[in-house]
Amino acid sequence: MRRVFRSLRSFNYRVWAAGALVSNIGTWMQRAAQDWLVLTQLTNHSAAAVGIVMALQFGPQLLLMPWSGYAADHFNQRKLLMATQAMMGTLALILGILTVTGLVQLWHVYTFAFLFGCSAALDAPVRQTFVAELVGDADLSNAIALNSTSFNAARMIGPAVAGLVIASVGTGWAFLFNGTSFLAVLASLSLLRTSELRPNARAHHTKGSVMQGFHYVWSRRDLRTTLVMLFLIGTFGLNFPIFISTMAVGVFHTDARGFGLLSSIMAVGTMSGALLAASRDRPRFGALLLGAAIFGLGCTLAALAPDYWLFAAALVVIGVAALTVTNTSNALMQLSTEPAMRGRVMALRLGVALGGTPIGAPIVGWVADHLGPRWALGVGAAAGFAAALVAIAALAQWRAQTKSDGLPHAAE
């Protein structure tokens, strides 16, 4: 167990993790409340509307990808995080006030989803690469996994709490809690011992530096393969708000508590996957292949589940697999990228993994509305299996090349 939690030996990482946990709980409360608000209060159970919200929220990851990566590589990461976190907290508070006062409309949710997405697009690559400043490269893979453990512990708590809050005092209060939760992460950033930070190498501005991340990744076959897999799973598979909300409402006919519980049960799987990643000494490409295949299997089981509890069990499987894919890809790409390029590479990774949502979410939402939620899960299953086939093809090429070159195989 000491090896699993080894990053917590660092004072800065402990402070950061504590603030992030509080903020992550608020984030998951808002995500659950937002989906419930759109699905049951602002529309007549429209999965397509939930898909549009997801597209607007995650689309900026793709639109702002070159500039968000540039900012992460060139500016002070701690100060940039403080600015983006403050902006997201403010947006959550305003949406909460609109909802509590009964003034909220669907276009408000669309607008705030887009603005929140723009802030998150600038925040995400900085937050991911900032971990290296807290612990250094030696414990980077472990710290990434522990970040995911915190995020998914919050995922286990947040939606369940949101369900209770929605049922007792209303949806808007979940947004207000999220807005105030950002104070915790702002406090943690203020309390860091700056003398103990391990600053990443800052990139120097040169002509074309915004686009260097694209050229760098394109020249690396291992990075290209990982991004193709992430595109498939991120675009068509990581549409959990649509999968869970439509199955909860349209198939199993649950209330807000039952909906929140499903999201929390899935977090059991995602947190388990994060802890498994934390126990590994280093990431391996084989784990990425295995995660993609199990993701496809889990979505298949969820689509065929005859009742609420078997569906919940399948969500645990999906959660383990999803975290295996996302954590392994994150660690592999950061550790194999030179420090001055990490921000741009991570922005590209996030843009591919989340920026495909504007394409996939409306499609999956349309499938759920017209063919049924089970068929929407079938789309996710196909994405997982397709990503696994991409990995198998890449491993076959690497093995053939290393065999012909007489070199040891290093891709596993």
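Shown above is the structure to which this text applies.
The rules behind these values
- Residues numbered from 1 in each chain as written.
- Predicted model: local features only at pLDDT ≥ 70, side-chain atom pairs only at ≥ 80, totals over all residues.
- Heavy atoms only, no water.
- Axes fitted to C-alpha atoms, helices over the stretch in contact; angles between N-to-C directions.
- Helix = DSSP H or I, 4+ residues; strand = E, 2+ residues; numbered from the N terminus.
- Left-handed = near helix turned anticlockwise from the far one by under 90°.
- Contact = heavy atoms within 4.5 Å.
- Buried < 20%, exposed > 50% of the residue type's maximum accessible area, 1.4 Å probe, protein only.
- Phe/Tyr/Trp six-rings, centres within 6.5 Å; stacked < 30°, edge-to-face > 60°.
- Lys NZ or Arg CZ within 6 Å of the ring centre and 35° of its normal.

Enquirer: Requested: an account of the packing of helix α11 (residues 256-279) against helix α13 (residues 308-335), with residues and values cited.
Expert: Relative to each other, α11 and α13 sit at 40°, their axes nearing to 7 Å. Note that α11 runs across α13; the crossing there is right-handed. Listed contacts from α13 to Gly258, Leu261, Leu262, Ile265, Met266, Gly269, Thr270, Ser272, Gly273, Ala274, Leu276 and Ala277 of α11 are Tyr308, Trp309, Phe311, Ala312, Leu315, Val316, Ile318, Gly319, Val320, Leu323 and Asn327.

Enquirer: Give me unusual backbone geometry: which residues, what numbers.
Expert: One non-glycine residue with positive phi stands out, namely His45, at about 60°. The topology assignment puts His45 in the loop between α1 (11-42) and α2 (47-63). For His45, a relative accessible area of 43% puts it in the partly exposed group. Of note in this structure, His253 is not a glycine but carries a positive phi near 55°.

Enquirer: Residue-level account of the packing of aromatic side chains, with values.
Expert: Taken as a whole and judged by the stated rule, the model has seven aromatic pairs. Taking the centre distance of 5.7 Å and the plane angle of 65° together, the rings of Trp16 and Phe130 count as edge-to-face. Within this pair, whereas Trp16 is found in helix α1, its partner Phe130 is found in helix α5 (residues 106-135), the two being separated by 114 residues in sequence. Accessibility assignment for this pair places Trp16 and Phe130 in one class, buried. Where Phe252 meets Tyr308, the ring centres are 6.1 Å apart and the plane angle is 80°; that geometry is what we call edge-to-face. Here the residue Phe252 occupies a position in the loop between α10 (240-251) and α11, and Tyr308 occupies one in helix α13, the gap between them amounting to 56 residues. The exposure class of Phe252 is buried, given its relative accessible area of 15%. One Lys or Arg, Arg193, reaches over the ring of Phe11 and ends 3.7 Å from the middle of that ring. Taking NZ or CZ as reference, Arg224 lies 5.3 Å from the ring centre of Trp218, over its face.

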